[in-house]
Amino acid sequence: TYRPGYRAPWLGLSYARQLSLQPLSPSESADVIRGALGGDELPGRLAQVTIERAEGNPFFAQELARAFRDGHDEGAPTGVPGTVRDVLAARIDLLAEEPRRLLRTASVIGREFSLPLLERLWDEGSALEPHLGQLKRLEFVYERIDPVTELIPVRPVVH
């Protein structure tokens, strides 16, 4: 995947095909938001603003829903961030200090990191596993077991 305007050098090969994806419709965006909220609905005006702000981008719609869910659970304001970066930053800001610091540490390593390397860098006087578990539950980190390297991909931190 890539943004408009970029042309992958391999696209002209016989086994490559370009598929252009259209933005989601408002009802499809609402479905993505509902799915991210576990079947719950956003309140009327907030739902409309969220759908408009996502502009048919399923990733943005999902992240906006998660930001609302996480902020709502914590009693935080429910304003609608303007960009994906703002959404991720708001979600990261809701984390407790140690999980947030662990996410930042992992992001310095890169998009993928090995658990042994992260353990060597984590010198915070507390166990790494509970914080890593929280980051997995909140979908900041996705585990992928590679029999050779045991890499765990992580989304880049936007702070």
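Presented here is a report on the structure given in the accompanying data block. (Residues numbered from 1 in each chain as written. Predicted model: local features only at pLDDT ≥ 70, side-chain atom pairs only at ≥ 80, totals over all residues. Heavy atoms only, no water.)

**Observations concerning the side chain of Ser114**
Mapping Ser114 onto the fold places it in strand E1 (residues 112-114). Classification of Ser114 by relative accessible area gives buried; the value is 16%. Engagement of the side chain of Ser114 in a polar contact is seen with the backbone nitrogen of Leu117, the distance being 3.2 Å. (Helix = DSSP H or I, 4+ residues; strand = E, 2+ residues; numbered from the N terminus. Buried < 20%, exposed > 50% of the residue type's maximum accessible area, 1.4 Å probe, protein only. Polar contact = N/O pair within 3.5 Å; in protein donor to acceptor, adjacent residues only side chain to side chain.)

**As for the packing of helix H5 (residues 97-109) against helix H7 (residues 128-137)**
Look at H5 against H7: their axes get within 9 Å of each other, and the N-to-C directions meet at 80 degrees. Put simply, H5 runs roughly perpendicular to H7. Within the contact between the two elements, H5 uses Glu98, Pro99, Leu102 and Leu103 and H7 uses Leu128, His131, Leu132, Gln134 and Leu135. Classifying every residue of the contact of H5 with H7 by side-chain character gives six nonpolar, two polar and one charged. (Axes fitted to C-alpha atoms, helices over the stretch in contact; angles between N-to-C directions. Parallel < 35°, antiparallel > 145°, perpendicular 65-115°, else oblique. Contact = heavy atoms within 4.5 Å. Nonpolar A, V, L, I, M, F, W, Y, C, P; charged D, E, K, R; others polar.)

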